[in-house]
Structure formats: structure tokens, C-alpha cells
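Remarks on the overall topology
What follows is the residue order along each chain.
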Amino acid sequence: MSTNQPIGRILLKNVRLSFAQGLFEATTMPGADANAKPKFNCGLIIPPDHPQIEEIRAKQKAVAKEKWNAKADAIFKALEKQDKLALHDGDAKPNYDGYPGNFFLSPSAQENAAPTVIDRDRTPLKKTSGRPYSGCYVNASIELWAQDNGYGQRVNAQLRGIQFFADGDSFSAGRPADSDEFEDVAEGADAEDFA
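Residues numbered from 1 in each chain as written. Predicted model: local features only at pLDDT ≥ 70, side-chain atom pairs only at ≥ 80, totals over all residues. Heavy atoms only, no water.

**Section: the overall build of the protein**
Counting its secondary structure elements, the protein contains 2 helices and 9 strands. The buried share among the 195 residues of the protein stands at 37%. Excluding contacts between residues fewer than 6 apart, the proportion of contacts in the protein whose partners are at least 24 apart in sequence is 71%. (Helix = DSSP H or I, 4+ residues; strand = E, 2+ residues; numbered from the N terminus. Buried < 20%, exposed > 50% of the residue type's maximum accessible area, 1.4 Å probe, protein only. Contact = heavy atoms within 4.5 Å.)

**Quick notes on the nonpolar core**
Among the nonpolar cores identified, the biggest contains 40 residues, and Leu12, Leu44 and Leu105 are the most heavily contacted of them. The set of elements that each furnish at least two residues to this core consists of strand E1 (9–18), strand E3 (43–46), helix H1 (53–68), helix H2 (72–81), strand E5 (103–105), strand E8 (137–149) and strand E9 (152–166). Setting aside chain neighbours within four positions, we find leucine 12 in contact with Leu44, Ile46, Gln52, Ile56, Leu105, Val138, Asn139, Ala140 and Ile142. (Core = buried A, V, L, I, M, F, W, Y, C linked by side-chain atoms within 4.5 Å.)

**Overview of the pattern of salt bridges**
By the definition in use, this model includes 5 salt bridges. The salt bridge partner of glutamate 25 is lysine 127, with a shortest N-O separation of 3.5 Å. Taken as a pair, glutamate 25 in the loop between E1 and strand E2 (39–41) and lysine 127 in the loop between strand E7 (116–118) and E8 lie far apart in primary sequence, 102 residues in all. Taking relative accessible area as the criterion, glutamate 25 reaches 41% and is therefore assigned partly exposed. According to the relative accessible area criterion, lysine 127 is exposed, its value standing at 54%. Arginine 57 serves as the salt-bridge partner of glutamate 54, at 2.8 Å between the closest nitrogen and oxygen. Taken together, the residues glutamate 54 and arginine 57, both in helix H1 and 3 residues apart, mark about one turn of the helix. On the basis of relative accessibility, which here comes to 52%, the residue glutamate 54 falls in the exposed class. Sharing partners across several salt bridges, the network here consists of Arg9, Glu143 and Arg160. (Salt bridge = Lys/Arg side-chain N within 4 Å of Asp/Glu carboxyl O.)

Now the structure itself:
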């Protein structure tokens, strides 16, 4: 593995996926600014005892230090108070499945940078694959970065890729049917056979 990896890059293992539909289609978030560009996005739900929570916190501080140098500590404290860091408290979203009692990230990717979406064996997955789905468990490649522009200061998470890891109870709308649930229908069968 290269030692020149960006300081904000993390491969999160075994986290819960929400808003999976955003992995396959770039959209503009409801209520977004009229000039907002479509993005790929999802939610990553992380339990408070997850072994990578401290890594996320440390990397948020590292990207802030890289961006703001001597001013980093003061800016970081202000961003933390304003909830403008990439890692959020899930209790802030009490009406969403899986969020209360956990932490979450909402990584996104620009419309021209679709995230890699793969299965356990690293084969590409499509929207019609039935996975990943909201409620399953995934490995997620993200990159934390510090923003300082006309839209303000914050620490964001870029979505780089998702790997399906394990099934979980699906959120809200449910999981699509698996093809194994259906019988093989013989070619040329009469409609009466199914009445």
C-alpha cells in the first residue's frame, strides 16, 4: 500500500448503509440552493463502539490542521459547535431508521465522479442488482477534506466507493425480491397456466 495516501482517506469496514438510491444516480438534495449541482451520496451509520470512530475523529483534525495550520484548533472547535464536521450524532435524525444512538457520515461525490459500487467479490453492482440496499452493511471508501470557500468552512466527506459486506434488515421501502424467489417459467407457456 502506498505511503502517499491522502491523510483524510479511510476505508470504513462493516458500517450500515442508508439512502442507497444515491449511489447510482446523482441528484440534487431537496431544499438545496438553486445553483446546487447533482451529487452521488448516501448515509453511513456507525455504532458508537465501532473500532474506527477514533480514526475518523483523528483524520477530521488532521485535514483541518493541514488546511488551517496554526488556526486549525480554533476553527475546528467552532466547526464542532456548529455541527459542521463530517461525523454527526445520529440522535439529530430521530425520524430516520438506524440513526438514533449511532453516529453517521453523509459522504457525497460530484456528478462527474460516480462512486465505485461493488459486491463482496469486487464485481461491479448496478441499480438493478438489488444490493447494496438501505439497511445492509458495507465497506466504504471515503476521503475527509476541509472546505474553506464562499459556502463557508467545514470538514466534509467525499464518497469514493462502496462494497456490499453483509445483509441487514432493510430500512423503510424494503429490499427488492431476489431472483431465486421466482420459478423458472417455461418458454411459450400459456397464460392459463398462471391463472
